[in-house]
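# Understanding the architecture of this molecule
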Amino acid sequence: MFSLAGKTAVITGGGSGIGEAISKAFAKQGAEVHIIELDSDRANTLVSEIESSDGKAFGHQCDVSNQEQTTKVMKSISDVSKIDILINNAGIAHVGNIEATSEADMDRLYNVNIKGVYNCILACIESMKSQGGTILNMASIASTVGISERFAYSMTKGAVLTMTYSIAKDYLDYGIRCNSISPARVHTPFVDNFIKKNYPGNEKEVFEKLSKTQPIGRMGKPEEVANLALYLCSDEASFITGTDFPIDGGYIKLNG
Ligand SMILES: NC(=O)c1ccc[n+]([C@@H]2O[C@H](COP(=O)([O-])OP(=O)(O)OC[C@H]3O[C@@H](n4cnc5c(N)ncnc54)[C@H](O)[C@@H]3O)[C@@H](O)[C@H]2O)c1
């Protein structure tokens, strides 16, 4: 079960955190993994790590918010291998309510978290139409409940959720499944960095507080999200499309 042998998977932001765990899990299950990364050093390190465990991986330096770069990279992959799986995982955060969100913050979050997803799907959809495929978007609990002090981030993740539904409907007849995952807090460099940047000197207390916002009492692990991603992108999930999957330690249903 859950074999990805013979499949090609493209994972954006695949060099760190959740994306890194997905890249490793997919390579372990036999997929040829293409890591799309802003940070090429990170991508290259991970490619070496995967290769040293007999996996197949390639790194591509690319900013997903740049349509020209994204189209070029996706074409270079699809010219050689049929893209079976696209995981739109690259994302950035901004802490603050609307008054603490500048126009530049809005544009920055929009460009990566929304336009980046649009750019990647647009660049792959034509080739997927002829042979089917699976698209998985990294949404967030913020997509449905909003998170306090995360105005711009919640806005972008709401859009990721509705892009998921829209793509699932429009491409159902082409054999393309599109789903999303909505994690609560997962312990990754993304979380460590925003704690360090926004709460200097208070890192330990804030980490504890953020852990307890999940009723289960801790943050998620990247590997837990990767396992769900693996299921959703495998043939075992062939009846699932147009659905969002919270993985949240009880956050949405059990809080309050
Ligand atoms: N960690 C969490 O608590 C959490 C919770 C819910 C959703 N998410 C979502 O999961 C995804 C991954 O989060 P993470 O915590 O693993 O983050 P991370 O910061 O550890 O990793 C994100 C990766 O994306 C890359 N990236 C950023 N901008 C890019 C761009 N423009 N083009 C290409 N690559 C780019 C970064 O270089 C980095 O390697 C994000 O979309 C995030 O919003 C995270």
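This text follows the structure it describes.
Conventions we followed
- Residues numbered from 1 in each chain as written.
- Predicted model: local features only at pLDDT ≥ 70, side-chain atom pairs only at ≥ 80, totals over all residues.
- Heavy atoms only, no water.
- 1 Å grid on protein atoms, 1.4 Å probe; cavity = no way out; pocket = protein on both sides within 12 Å on 5 of 7 lines; lining within 4 Å.
- Points joined across faces, edges and corners; volume = space filled by probe spheres on them.
- Helix = DSSP H or I, 4+ residues; strand = E, 2+ residues; numbered from the N terminus.
- Nonpolar A, V, L, I, M, F, W, Y, C, P; charged D, E, K, R; others polar.
- Core = buried A, V, L, I, M, F, W, Y, C linked by side-chain atoms within 4.5 Å.
- Buried < 20%, exposed > 50% of the residue type's maximum accessible area, 1.4 Å probe, protein only.
- Contact = heavy atoms within 4.5 Å.
- Right-handed = clockwise from strand over helix to strand, strands pointing away.
- Pairing = 2+ DSSP bridges.
- Salt bridge = Lys/Arg side-chain N within 4 Å of Asp/Glu carboxyl O.
- Near = heavy atom within 4 Å.
- Polar contact = N/O pair within 3.5 Å; in protein donor to acceptor, adjacent residues only side chain to side chain.
- Areas by Shrake-Rupley, 256 points an atom, 1.4 Å probe, with all protein chains shown as cover.
- Sits in = over half its atoms within 2 Å of the grid points.

Looking at the largest pocket, its volume works out to about 1000 Å³. Lining the largest pocket are 45 residues, with Gly91, Ile92, Ala93, Thr188 and Phe190 positioned closest to its centre. Taken together, the elements giving at least two residues each to the lining of the largest pocket come down to helix 1 (17–28), strand 2 (32–37), helix 4 (103–131), helix 6 (151–170) and helix 7 (189–198). Counting residues per element, the lining of the largest pocket draws most heavily on helix 7, at seven residues. Grouping the constituent residues of the lining of the largest pocket by class yields 23 nonpolar, 13 polar and nine charged. Every residue along the wall of the second largest pocket is listed here: Ile147, Ser148, Glu149, Arg150, Arg185, Tyr199, Val206, Lys209, Leu210, Thr213 and Tyr251. Tallying contributions element by element places helix 8 (residues 203–212) first for the lining of the second largest pocket, with three residues. When its residues are assigned to classes, the lining of the second largest pocket shows five nonpolar, two polar and four charged.

Counting residues in each nonpolar core, the largest one holds 32 residues, and the members touching the most others are Ile22, Phe26, Val33, Ile87 and Ile181. Listed by contribution, the elements that provide at least two residues to this core are strand 1 (8–12), helix 1, strand 2, helix 2 (40–52), strand 4 (85–88), strand 5 (133–138) and helix 9 (222–233). With seven residues, the single largest contributor to this core is helix 9. Apart from the residues within four sequence positions on either side, Ile87 is in contact with Val10, Ile11, Thr12, Ile22, Phe26, Leu136 and Cys233. By size, the runner-up hydrophobic cluster in this structure holds 28 residues, among which are Cys120, Cys124, Ile125 and Ala159.

Counting buried residues in strand 2 gives six out of six residues, a clear majority hidden from the surface. Residues Glu32, His34 and Ile36 point to one face of strand 2 and Val33, Ile35 and Glu37 to the other, with burial holding for every one of them. Following the chain from strand 1 across helix 1 to the adjacent parallel strand 2, one finds a crossover that is right-handed. Here strand 2 pairs with strand 3 (residues 56–61) via six bridges, running parallel. Residue His34 lies in a different strand from strand 3, and its bridge partner there is Phe58. The handedness of the strand 2 to strand 3 crossover, carried by helix 2, is right-handed.

What follows concerns the pattern of salt bridges. The tally for this structure, following the rule as stated, stands at 11 salt bridges. Its salt-bridge partner being Lys7, residue Asp235 comes within 3.3 Å of it at the nearest N-O pair. Of this pair, Asp235 sits in the loop between helix 9 and strand 7 (244–247) while Lys7 sits in the segment before strand 1, placing them 228 residues apart in sequence. Judged by relative accessible area, which is 52%, Asp235 ranks as exposed. Classification of Lys7 by relative accessible area gives buried; the value is 19%. The closest approach of N and O atoms between Lys56 and Glu32, which form a salt bridge, is 3.5 Å. Of this pair, Lys56 sits in strand 3 while Glu32 sits in strand 2, and the two are 24 residues apart along the sequence. The structure contains a network of salt bridges with shared partners spanning Glu20, Lys24 and Glu49.

Take the site of the ligand next. Within the structure, the ligand sits among 28 residues, and Ser16, Glu37, Tyr153, Val186 and Thr188 are positioned closest to it. A distance of 3.3 Å is found between a nitrogen atom of the ligand and a backbone nitrogen or oxygen belonging to Leu38. Considering the ligand on its own, with 830 Å² of exposed area, one finds that the protein chains cover 93% of that surface. The site holding the ligand turns out to be the largest pocket. Contributing elements (two or more residues each) for the shell around the ligand: helix 1, helix 6 and helix 7. Ranked by residues supplied to the shell around the ligand, first place goes to helix 7 with three residues. Considering only residue class, the shell around the ligand consists of 16 nonpolar, seven polar and five charged.

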